Every structure is written in C-alpha cells, then in structure tokens.
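Spelled out from the first residue to the last, the chains are:
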Amino acid sequence: MPRVKKIIKVKNKQGLHARPAALFVQIANKFESVITVKKDKDIVNGKSIMGILMLGAEKGSVIQIEADGKDAYQAITELEALLLKDE
Amino acid sequence: MKIMDFLSKKAIVLNIKSTKKEEVIKELVDALINAEEIEKRHRNKIVDALLAREKLGSTAIGQGIAIPHAKSEYVEKLVAALGISSSGVNFDALDEEPVYIIFLLLAPQDSAGPHLKALASISRLLKDKYFRENLKACKDEKSIINLINQEDEKKV
C-alpha cells in the first residue's frame, strides 16, 4: 500500500477556515486511504472538519498531508490542488 | 485563544427551542442582543449575513456540532453565543446528523486571524466526546461556564 506525504504552504488568504476545511474533508472522504494532516505538533484526521479547524492553519503556515492506502497518490494530488488555490 | 475571551456569558442558551436552522440562528442572535453584545437595530442584517454564509455550505462540522458564523460591519469585536439543544437541530450537516451544540460566532470585517483562532479554539474544546456529553448534561449556565473555564485553564 502506498503512503504519500507532502509538505504544503497554505495559500488560501484566510487560511483553512470553515469552508476550505469542509471542502478538504469532502475531497478526503472520497478516498479509501487514511488521511492525516499535521501542523507543528498536532496530527489530525483529514476526514474530520473539526480536526482540520483545530489546526488553525493561517495563510502561509506549513502543513503536512499524508495519505496511506491504495488511492494515496490521487488523494494527495487532489488535496494539494485545493490547498494551493489562493481564493 | 481562550473560549471565555469571546463567549458572552449572558448569551448561553440551555434549551434551544427551535429545531430549524434558521430559527436557531435567530434565537442565538437574540441572545447576543439581550446580552448587549450587538444592537437590536442590526438584528436582520446580522441574521442575513449568517444565513448567507450557511447557503455557501453548512457550518455543521460533525459530531453534532455547528458553528454558524459571519463577519459583519455591525460587530465591534469577536463575540460568540452558545446554544444547547436536547432535541437536535437539522443543520444540513454533511454527515446528515442533527446538531446539539451550536456555537454562533460573529466577527468584525477584516478579522481573519482572530476568527480562525476562535474556530480552532472551539474545535479543540469540543473534540472530546466526554466533554461534549458533559456540556450537554449541564443544568444551568453557571455549570457550562465552569466547565469551559476548566478547559481554558488547561491552555498554557
């Protein structure tokens, strides 16, 4: 089973607030892979809006997304595309 | 950020009456008006802003929690109301579950940073299942404040 990690700088100008967090989770939930998001010392479930919000990831903060499972590559590709949008 | 830094003590509603999203939002906005956190003459504008935000996507974040929120020119500082519903409210959640804990958050325009920090604090506060159960079991506002204060104290 592939495990894919990616370190990303949040581009969204308001950070990962409620709406992008919900979009992130909607994408994450399409995949079978276990998805985690890490910021500083916090590691949260990438399929939980509450988890993502807990990170309080502002614009410019650096997070690590990791997917573990057979669709890990596709999951990371789609999640990264969302995080790199700067709207 | 501590919850009690922005949660209005007088805007804690233990028995949310309505089971409809729109009515619950109005109930909590009225609680903030009664607590003199916002002005009554801005009620409709603020309610509209909150409902407009819900139209973009539900603010239910899972585990029976919703955090309706909006930025508004009629709000001077970050402020929140808390409602507990025993019967559950249909908040159009992604997981389709009703919500029981509703944190309504209002922020001034151009306050992305504090707003994000407040959302993070609320999520951190409510992530624990036992805490959520304890919160729902509170019989009065004072016990809710005590419970939240205890969690706030754990933050260094």
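Above this text sits the structure in question.
Note that the structure is predicted; figures quoted are calculated from it, not measured. (Residues numbered from 1 in each chain as written. Chains lettered and ligands numbered in written order. Predicted model: local features only at pLDDT ≥ 70, side-chain atom pairs only at ≥ 80, totals over all residues. Heavy atoms only, no water.)

S.K.: Could you give an account of the layout of surface pockets, naming the residues involved and the relevant values?
M.R.: Of the pockets and cavities examined, the largest pocket occupies roughly 370 Å³. Around the largest pocket, the lining is made up of 19 residues, and of these Asn12, Gln14, His17, Arg19 and Pro20 of chain A lie nearest the centre. For the lining of the largest pocket, the secondary-structure elements that each account for two or more residues are helix 1 (18-28) and helix 3 (72-83) of chain A together with helix 2 (43-56) and strand 4 (69-71) of chain B. Looking at the lining of the largest pocket, its residues break down into eight nonpolar, five polar and six charged. Put simply, the second largest pocket is a space of about 280 Å³. Taken together, 14 residues line the second largest pocket, and the ones lying closest to its centre are Met54, Leu55 and Gly56 of chain A together with Ala120 and Arg124 of chain B. With four residues, the top contributor of residues to the lining of the second largest pocket is helix 3 (residues 112-126) of chain B. For the lining of the second largest pocket, the class distribution of residues is four nonpolar, two polar and eight charged. (1 Å grid on protein atoms, 1.4 Å probe; cavity = no way out; pocket = protein on both sides within 12 Å on 5 of 7 lines; lining within 4 Å. Points joined across faces, edges and corners; volume = space filled by probe spheres on them. Helix = DSSP H or I, 4+ residues; strand = E, 2+ residues; numbered from the N terminus. Nonpolar A, V, L, I, M, F, W, Y, C, P; charged D, E, K, R; others polar.)

S.K.: Requested: an account of the packing of helix 1 of chain A against helix 3 of chain A, with residues and values cited.
M.R.: Residues and elements named next belong to chain A. Where helix 1 contacts helix 3, the two axes come as close as 10 Å, and the packing angle between them is 165 degrees. Between helix 1 and helix 3, the interaxial angle falls into the category roughly antiparallel. Crossing of helix 1 over helix 3 shows right-handed handedness. The residues of helix 3 that touch helix 1, namely those facing Pro20, Leu23, Phe24, Ile27 and Ala28, are Glu78, Leu79, Leu82 and Leu83. (Axes fitted to C-alpha atoms, helices over the stretch in contact; angles between N-to-C directions. Parallel < 35°, antiparallel > 145°, perpendicular 65-115°, else oblique. Left-handed = near helix turned anticlockwise from the far one by under 90°. Contact = heavy atoms within 4.5 Å.)

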